[in-house]
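# Close look at the chain arrangement
Chain residues, written in single-letter form:
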Amino acid sequence: MTLYRTLYAALTCDHCGQARETQIQFRTGRDNLEEYHQGEAIPDDSILNPNMRYSGQADWYCQACTIQRKTAALAAFYEALAGFIQQGRLKVQKGGLFKRAFTPEQMRALGHTRVQQAKATQKAPGPLFTELADFELTWDDNPAFQGGPAYGLFIENVNDQIAASLQAQGWHRPSLLRDDLEVYLDGNSTIQVTQAV
Ligand SMILES: [Zn+2]
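Residues numbered from 1 in each chain as written. Predicted model: local features only at pLDDT ≥ 70, side-chain atom pairs only at ≥ 80, totals over all residues.

Here the focus is the overall build of the chain. In terms of regular secondary structure, the chain is built from three helices and nine strands. For the C-alpha atoms alone, the extent of the chain along its principal axes is close to 70 × 35 × 30 Å. Put simply, of all contacts in the chain between residues at least 6 apart along the chain, 67% involve residues at least 24 apart. (Helix = DSSP H or I, 4+ residues; strand = E, 2+ residues; numbered from the N terminus. Contact = placed C-beta atoms within 7 Å.)

With that settled, the discussion passes to the domain arrangement of the chain. For the chain, the assigned domains are domain 1 (5-61 + 177-195) and domain 2 (63-168). Centre-to-centre, using C-alpha coordinates, domain 1 lies 36 Å away from domain 2. (Domains from an automatic or database assignment.)

All right, on to the sheet that holds strand β7 (residues 142-143) then. Spatial strand order, β5-β6-β7: three strands in an open sheet with antiparallel pairing. Every interior strand has two partners, whereas the edge strands, β5 (90-94) and β7, have only one. Both strand β6 (residues 135-139) and β7 contribute to a ladder of two bridges, which runs antiparallel. Bridged to Trp 139 within β7 is Asn 142. Contacts between helix α3 (residues 149-168) and the sheet are confined to β5, β6 and β7, with β6 contributing the most and set at about 85 degrees to the helix. (Pairing = 2+ DSSP bridges. Axes fitted to C-alpha atoms, helices over the stretch in contact; angles between N-to-C directions.)

Attention now goes to α3. Compared with the 28 Å implied by 1.5 Å per residue over 20 residues, the 29 Å span of α3 between its first and last C-alpha is a close match. Looking at the residues trailing α3, positive phi occurs at Gly 170, about 95 degrees. (Expected span 1.5 Å × (residues − 1).)

Take the pairing of strand β4 (residues 54-59) next. Pairing of strand β2 (residues 19-26) with β4 involves two bridges; the strand directions are antiparallel. Following the sheet pairing, Gln 25 is matched in β4 by Gln 57. Direction of pairing for β4 relative to strand β8 (residues 177-185): antiparallel, over a ladder of five bridges. Bridging from a neighbouring strand, Ala 58 pairs with Arg 178 of β8.

Put simply, helix α1 (residues 63-86) and helix α2 (residues 104-121) touch, their axes get as near as 8 Å, and they point 175 degrees apart. It follows from the interaxial angle that α1 and α2 lie roughly antiparallel. Of the residues in α2, those touching α1 at Thr 71, Leu 74, Ala 75, Tyr 78, Glu 79, Leu 81, Ala 82, Ile 85 and Gln 86 are Pro 104, Met 107, Arg 108, Leu 110, Gly 111, Arg 114, Val 115, Ala 118 and Lys 119. When grouped by side-chain class, the residues that make up the contact of α1 with α2 number eleven nonpolar, three polar and four charged. (Parallel < 35°, antiparallel > 145°, perpendicular 65-115°, else oblique. Nonpolar A, V, L, I, M, F, W, Y, C, P; charged D, E, K, R; others polar.)

Time to look at the packing of α1 against α3. Where α1 meets α3, the closest approach of the two axes is 9 Å, and the angle between their N-to-C directions is 125 degrees. As summarised for this structure, α1 and α3 are arranged oblique, according to the angle between their axes. Relative to α3, α1 is oriented so that their crossing is right-handed. Across from Ala 72, Ala 73, Ala 76, Phe 77, Glu 79, Ala 80, Leu 81, Gly 83 and Phe 84 in α1, the residues of α3 making contact are Asn 157, Val 158, Gln 161, Ile 162, Ser 165 and Leu 166. A class-by-class count of the residues in the contact of α1 with α3 yields ten nonpolar, four polar and one charged. (Left-handed = near helix turned anticlockwise from the far one by under 90°.)

Right under this line is the structure:
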């Protein structure tokens, strides 16, 4: 079963510090999208075991900060591409008859446009590497097609750069999701959440 249960609880955004109602997903092994609110009394015949702590997953950031972080990652992504082109490790070409490789400046300009678009729509940009779906890539002189070894190395190197850049800009969590939460029943059989130690 891939289903889960949801606990709604007030958690603080890890970036702006604002408390907001957050969905915490957890699993018991027999789940069918049950929903609870923090502090709700849980009947005795529920499958929730008072002696168990269920590990829970939730967003680290509020919606506004999530968009802000994804936009920062998008900018860092293009900066990483431009940097690797400059170092001669990466070649990005548009396929077809007249192949021309991107210069670092062209890649930065494309990144600038994409970041402006993301900001204008106030929506979180999609998965970063799909940005390159239409291009042919070469990494360290090897063709980097999706799923191939050179592509794997390319992704790894770019992701390292993005992580370092986000870290330097004050985004300290490596991922958008936190999995450090525990859902449990307290002595009064009400459902609670705490940070795992
Ligand atoms: Zn926030």
